[in-house]
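Listed here are the chains, written in short residue letters.
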Amino acid sequence: MKEQAGVRVKMTLLTTGFVFILLVLTMSASNAIIIFAIRHGWISAEPGAPLKPFLFQSGIISIVIGTTISFFISHFPLRPLHTLIDAIHEVSAGNYDVKIHLEHPKEFQKLSECFNQMTEELAGIEMFRSDFINNFSHEFKTPIVSILGFAKLLKSQKLDACQSREYLDIIIEESRRLSELSATVLNLSKVESLTLLTDKTDFSLSEQIREAILLLESKWSKKQIDFDIDMEEVMIRANEPLLKQVWMNLLDNSVKFSPEKGCIAVALHLENGHAVFTVKDQGAGMDETIQKYIFDKFYQGDTSHNMEGNGLGLPLVKRILELHKGEVSVKSRAGEGSVFVVRVLVDGK
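- Identification of the chain as histidine kinase from Schaedlerella arabinosiphila is taken from an unreviewed UniProt entry.
- Database annotation for the chain, UniProt heading Subcellular location (unreviewed entry): "Membrane".

What follows is the structure, encoded as structure tokens:
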């Protein structure tokens, strides 16, 4: 507030100074021209001469001079505003690459920085929106085309019973993918629209994580995966359903990318008022490029598993933790597995 008040005071002083300079120039120029006109007899200023013609003539001169000076001088202080207006028109037309560089006064420099930062953010949002639409369309189109193709083959009635069952299984699996994708997108959209968490309750975080592991039993038991669990008993105040999705997504990813008969290490402990959750798998790991984008929507670093996910799980995890004022990070090296670390406040403040 103090900074804004200071800016207003400075702008008021600048405006006042400009008006004062304009008045001084107008008066000086008008007086000089009037004196010149009197000396050459163009204006009568003799004692006893009528006053009205003199006032009228001098008034006309002052108005013309003031208007002329204002026209030329106002161009300089208004030039930054014209630059800003032109840039705003460019942005409204969809050009987010436009930049302005106003040098004087200092407030206009700050205005330039804020405007350029805004256009960079808008450019990023536009790129993200375009990528999201393209990826979303692709993710939906692929199973729909598959379902359509196999449904036409089934309709032809030229298949034996074994082929029919195989194609029906494919249709069922693709339909399941569509259903999960729709639910995940809807859930992510709902979470991203939240700005304030409600429905916080006190519950056992360690118990919630154990429950998440049990809910995934059909997946990890199928791959004969073992768990190395080392968890303290931790109570937390948070939104229980949302936080449960974090553990389900992270554990599901670990199971998905773990090898047959692998081992997943799960740990939970308290550290400076934070619950620190760690899950480590023995999968193929990730290079730095993949790690940079794994929290982007629809990004899938391992294309060999693209039939098992949609690239929305980790963005959902990140957003839920942001709402809880927590964070998630990953440490991984190619061929050495991955470690996801979650830090979240236990008091819910």
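Don't stop here, the text continues.
Structural notes on the overall build of the chain
Then, number 1: Counting its regular elements, the chain contains ten helices and seven strands.
Then, number 2: For the chain, with 349 residues in total, the buried portion stands at 33%.
Then, number 3: Contacts spanning at least 24 positions in sequence make up 70% of the contacts within the chain whose residues lie at least 6 apart.
Then, number 4: Accessible surface, the chain as shown: approximately 22,200 Å² in total, 60% of it carbon and sulfur.

Some thoughts on the nonpolar core
Then, number 1: Ranked by internal contacts, the top residues of the largest apolar core, which has 43 residues, are Leu205, Trp247, Phe277 and Phe340.
Then, number 2: Mapped onto this core, the elements with two or more residues apiece are helix H6 (205-215), strand S3 (235-238), helix H8 (240-257), strand S4 (263-271), strand S5 (274-280), helix H10 (313-323), strand S6 (327-332) and strand S7 (338-345).
Then, number 3: Considering each element in turn, this core owes the most residues, seven residues, to H8.
Then, number 4: Residues contacting Phe277, with those up to four places away along its chain left out, are Ile209, Trp247, Leu250, Leu251, Val266, Ala267, Leu268, Phe340, Val341 and Val342.
Then, number 5: Membership of the second largest hydrophobic core comes to eight residues, among which are Leu84, Ala87, Leu102 and Phe115.

Considering the pattern of salt bridges
Then, number 1: Counted under the stated rule, the structure contains eight salt bridges.
Then, number 2: Arg343 is the partner of Glu271 in a salt bridge, and the nearest nitrogen-oxygen pair spans 2.8 Å. A residue pair is termed long-range when its members are at least 10 positions apart, and Glu271 in strand S4 and Arg343 in strand S7 qualify at 72 residues.
Then, number 3: A relative accessible area of 33% means that Glu271 is categorised as partly exposed.

Observations concerning the packing of aromatic side chains
Then, number 1: Going through the model one piece at a time under the given rule, you end up with three aromatic pairs.
Then, number 2: Seen in terms of ring centroids, Phe150 and Tyr167 are 4.9 Å apart; in terms of plane orientation they differ by 45 degrees. Their pairing is tilted. Of this pair, Phe150 sits in helix H4 (residues 106-155) while Tyr167 sits in helix H5 (residues 161-192), and the two are 17 residues apart along the sequence.

Description of the pairing of S3
Then, number 1: Here S3 shows one buried face, formed by Ile236 and Ala238, and one open face, formed by Met235 and Arg237.
Then, number 2: In the sheet, strand S1 (residues 201-204) pairs with S3 via four bridges, with the strands oriented antiparallel. By the bridge assignment, Phe203 is partnered in S3 with Ile236.

A few points about the pairing of S7
Then, number 1: Among the eight residues in S7, six count as buried, and that is most of the element.
Then, number 2: One ladder, built from seven bridges, connects S5 with S7; its direction is antiparallel. Residue pairing for S7: Lys280 is matched across the bridge by Val339.
Then, number 3: The pairing of S6 with S7 spans six bridges and is classified as antiparallel. If you follow Val330 over to S7, its bridge partner there is Phe340.
Then, number 4: Between S6 and S7, which pair antiparallel one after the other, the connecting turn spans five residues, and Gly335 there sits at a positive phi close to 85 degrees.

Comments concerning the environment of Ala87
Then, number 1: Mapped onto the elements, Ala87 comes out in helix H3 (residues 75-92).
Then, number 2: Setting aside its immediate chain neighbours within four residues, Ala87 contacts Val98, Ile100 and Phe115.

Points about the packing of H6 against H8
Then, number 1: The contact between H6 and H8 brings their axes to 9 Å, and the two run at 50 degrees. When the axes of H6 and H8 are compared, the pair comes out oblique. In the packing of H6 onto H8, the handedness of the crossing is right-handed. Residue-level contacts link Leu205, Gln208, Ile209, Glu211, Ala212, Ile213 and Leu215 of H6 to Glu240, Leu243, Lys244, Trp247, Met248 and Leu251 of H8.

Brief notes about the sheet that holds S7
Then, number 1: The strand order S2-S4-S5-S7-S6 describes an open sheet built from five strands, whose pairing is mixed. With one partner strand each, in any of the chains shown, strand S2 (226-231) and S6 form the two edges of the open sheet. Each neighbouring strand pair of the sheet contributes to a mean axis angle of 15 degrees, computed without reference to strand direction.
Then, number 2: Pairing analysis gives seven bridges linking S4 to S5, with the strands arranged antiparallel. By the bridge assignment, Leu270 is partnered in S5 with Ala275.
Then, number 3: Sheet strands touched by H8: S2, S4, S5 and S7. Its angle to S5, the strand with the most contacts, is close to 20 degrees.

Cut-offs used in this document
- Residues numbered from 1 in each chain as written.
- Predicted model: local features only at pLDDT ≥ 70, side-chain atom pairs only at ≥ 80, totals over all residues.
- Heavy atoms only, no water.
- UniProt positions renumbered as here; feature names shortened; annotations may be inferred.
- Helix = DSSP H or I, 4+ residues; strand = E, 2+ residues; numbered from the N terminus.
- Buried < 20%, exposed > 50% of the residue type's maximum accessible area, 1.4 Å probe, protein only.
- Contact = heavy atoms within 4.5 Å.
- Areas by Shrake-Rupley, 256 points an atom, 1.4 Å probe, with all protein chains shown as cover.
- Core = buried A, V, L, I, M, F, W, Y, C linked by side-chain atoms within 4.5 Å.
- Salt bridge = Lys/Arg side-chain N within 4 Å of Asp/Glu carboxyl O.
- Phe/Tyr/Trp six-rings, centres within 6.5 Å; stacked < 30°, edge-to-face > 60°.
- Pairing = 2+ DSSP bridges.
- Axes fitted to C-alpha atoms, helices over the stretch in contact; angles between N-to-C directions.
- Parallel < 35°, antiparallel > 145°, perpendicular 65-115°, else oblique.
- Left-handed = near helix turned anticlockwise from the far one by under 90°.

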